[in-house]
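Architecture and fold: a report
Now for the letters of each chain:
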Amino acid sequence: MRHHLNNPNFAFVHPPVEFNKYTDRSLLQCCLGATMYMPGTKDFFSAILTHKYQGLTSMVMCFEDACKLEDVPAAEQNSIALLDALNSSIAKGELKEEEIPLLIFRVRNIEQFKHFSAMLRPEHIHLITAFNFPKFNSENGEAYYSHLKELNEQFGEIIYGMPILEDRKVAFKETRIEELSRIKQILDHYRELVLNVRVGGTDFSSCFGVRRGINYTIYDIMPVRDCLSDILNVFSRDNDYTVSGPVWEYFRAAKKMRWEELPDFDFTTTLIKREKIVNDAVDGLLRELVLDKANGFIGKTIIHPSHLNFVNGMLAVTEEEYDDAYQIMNTSGGVIKSANSNKMNEIGPHRNWAERILMRAKAYGVIENEQKYLTLFTV
């Protein structure tokens, strides 16, 4: 699996690396990128077999919000059938294991997690990267991770957990910090089994009876912005954990998007000024992705395949960012002029930033400059 296979001829300064579920966790946690959620009842086998979505590298089969309660048994059976079909295709030589996206299952609750995991057979486990734990909090978190640890010991395989922070105790200010601290204690205890911390922007918005419009980002919704700020404060400090951004709800795919000549404008500035690049749905997503990166999120939950190339594309690192990060990580200390002679690189304070940039560079590649994002998005 590798990012940007939707654009195989793109000329990277440094290309992205290959990865799979066995990749070292320090890199893999940055590789999830655009993680596409779909109902567990959906038959997705043919889409994987035919490589329908070239840019898809991680996908979630959901037993929770995307699935009615009465449909959960059918979703479980469908998921087992998917794992069986994938193994069969690998055995027949129809599909290579490295062509299969990272598979993640979003369970409904701890009871359903135990029920579904009891259905799994040893031959399924090499195909499963992780489980999503919804409404993760200080009361259910230990149960989720202790059972996950049991599964790892039972199968002798690595299976990660990805908690989703969307609980009302996190949403509300009077309980938030204490709750986040308790959650972090649980995750710290199971650190090697934590692949990614996810956030539920839609659930947080629901608590306050708000919903961001197509011309706003999640950062414009003040009570939700405060939740996200505190989550990042607790979990992303010193690069402890990778936190992924909340879902963007709007989609209107451009049927054709190709620039024969790149427009002459500053990409980030154009987005922030709300000047049109593609359309309001895509531009809104791109604007939010700029702010996601600025605030330390890596990756994003998506609910439509038209978002794949934009989310993964925006995670590519520019050559200037890469040069600065490389310089910082290879200098012992002090303050130095950047390679482009346009900024100060302070070795100590900028080191955490540099570590994150170099990890993103491995996962998503290095591009010449911001204008090249447009070429990388090309469909």
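Residues numbered from 1 in each chain as written. Predicted model: local features only at pLDDT ≥ 70, side-chain atom pairs only at ≥ 80, totals over all residues. Heavy atoms only, no water.

This brings us to the overall build of the protein. The number of helices and strands found in the protein is 15 helices and 11 strands. The C-alpha atoms of the protein give a radius of gyration of 20 Å, which matches the 21 Å a tight globule of 379 residues would have. Dimensions of the protein, computed from the C-alpha atoms along their principal axes, are close to 60 × 50 × 45 Å. Among the 379 residues that make up the protein, the fraction classed as buried is 54%. Across the protein, contacts joining residues at least 24 apart in sequence account for 76% of those joining residues at least 6 apart. (Helix = DSSP H or I, 4+ residues; strand = E, 2+ residues; numbered from the N terminus. Rg over C-alpha atoms; globule rule 2.2 N^0.38 Å. Buried < 20%, exposed > 50% of the residue type's maximum accessible area, 1.4 Å probe, protein only. Contact = heavy atoms within 4.5 Å.)

Taking 1.5 Å of rise per residue, the 14 residues of helix α14 (residues 351-364) would be expected to cover 20 Å, and the 20 Å separating its terminal C-alpha atoms lies within 8% of that figure. For α14, the complete set of buried residues consists of A354, R356, I357, R360, A361, A363 and Y364. In this structure, the buried side of α14 is in contact with α1 (25-28), α11 (280-295), α12 (308-314), β8 (317-318), α13 (319-329) and β11 (366-367). Note on α14: the residue one or two positions beyond its end, G365, has a positive phi of about 85°. (Expected span 1.5 Å × (residues − 1).)

Look at α13 against α14: their axes get within 8 Å of each other, and the N-to-C directions meet at 125°. Looking at the two axes, α13 sits oblique to α14. Crossing handedness for the pair α13 and α14: left-handed. In contact with E321, Y322, D324, A325, Y326, I328 and M329 of α13, α14 contributes R351, W353, A354, E355, I357, L358, R360 and A361. Split by residue class, the contact of α13 with α14 holds 10 nonpolar, no polar and 5 charged. (Axes fitted to C-alpha atoms, helices over the stretch in contact; angles between N-to-C directions. Parallel < 35°, antiparallel > 145°, perpendicular 65-115°, else oblique. Left-handed = near helix turned anticlockwise from the far one by under 90°. Nonpolar A, V, L, I, M, F, W, Y, C, P; charged D, E, K, R; others polar.)

Let us now look at the nonpolar core. Within the largest apolar cluster, 111 residues are counted, with the highest numbers of intra-cluster contacts made by F131 and F235. For this core, the leading source of residues is helix α9 (residues 222-235), giving 7 residues. F235 has contacts with L165, L180, I183, K184, L187, V197, D240, Y241 and V243, leaving out every residue within four places of it along the chain. Judged by nonpolar contacts, the second largest core, of 9 residues, contains V317, Y322, A325 and I357. (Core = buried A, V, L, I, M, F, W, Y, C linked by side-chain atoms within 4.5 Å.)

Now for the environment of I272. Tracing the backbone shows I272 in helix α10 (residues 267-272). Sequence separation of I272 and E288 is 16 residues, and the distance between their C-alpha atoms is 9.4 Å.

Attention shifts here to the side chain of H307. Tracing the backbone shows H307 in the loop between β7 (300-302) and α12. For H307, the residues in contact, after removing those within four places along its chain, are W248, Y250, F251, L285 and I302.

Right, let's get into the sheet that holds strand β4 (residues 128-133). The strand order across the open sheet formed by 7 strands is β6-β5-β4-β3-β2-β1-β7, and the pairing between neighbours is parallel. Strands at the two margins of the open sheet, each flanked by one partner only, are β6 (198-199) and β7. Bridge count for β4 against strand β5 (residues 160-165) is 4 bridges, and the pairing is parallel. Its bridge partner being in β5, F133 is matched across the sheet by P163. (Pairing = 2+ DSSP bridges.)

Applying the stated criterion to the full structure yields 22 aromatic pairs. Relative to F12, the ring of F10 has its centre 4.7 Å away and its plane inclined at 65°; by these criteria the two rings are edge-to-face. In this pair, the class of F10 matches that of F12, namely buried. On the numbers, 6.3 Å between centres and 40° between planes, the contact of F105 with F131 is tilted. Here F131 lies in strand β4 and F105 lies in strand β3 (residues 102-106), a separation of 26 residues in the sequence. (Phe/Tyr/Trp six-rings, centres within 6.5 Å; stacked < 30°, edge-to-face > 60°.)

Buried residues dominate strand β1 (residues 34-39), accounting for 5 of its 6 residues. Here 3 bridges tie β1 to β7, and the two strands are oriented parallel to one another. Bridge assignment links T35 to a residue of β7, and that residue is T301. Examined bridge by bridge, β1 and strand β2 (residues 58-62) share 5 bridges and lie parallel to one another. For T35, the partnering residue across the bridge sits in β2 and is S58.

This part covers the pairing of β4. Among the 6 residues in β4, 6 count as buried, and that is most of the element. Summarising the sheet, β3 and β4 pair through 4 bridges and their orientation is parallel. Residue pairing across strands places L103 opposite I128, the latter belonging to β4. Once the chain exits β4 it traverses helix α5 (residues 141-155) before rejoining the sheet at β5, and the crossover so formed is right-handed. (Right-handed = clockwise from strand over helix to strand, strands pointing away.)

Scanning the entire structure with this criterion turns up 22 salt bridges. Linking R106 and E64 is a salt bridge whose minimum nitrogen-to-oxygen distance equals 2.4 Å. Taken as a pair, R106 in strand β3 and E64 in the loop between β2 and α3 (72-92) lie far apart in primary sequence, 42 residues in all. A relative accessible area of 9% places R106 in the buried class. Across the pair R176 and D230 runs a salt bridge whose closest N-O atoms are separated by 2.8 Å. With R176 in helix α7 (residues 173-189) and D230 in helix α9, this pair connects stretches of sequence that are 54 residues apart. (Salt bridge = Lys/Arg side-chain N within 4 Å of Asp/Glu carboxyl O.)

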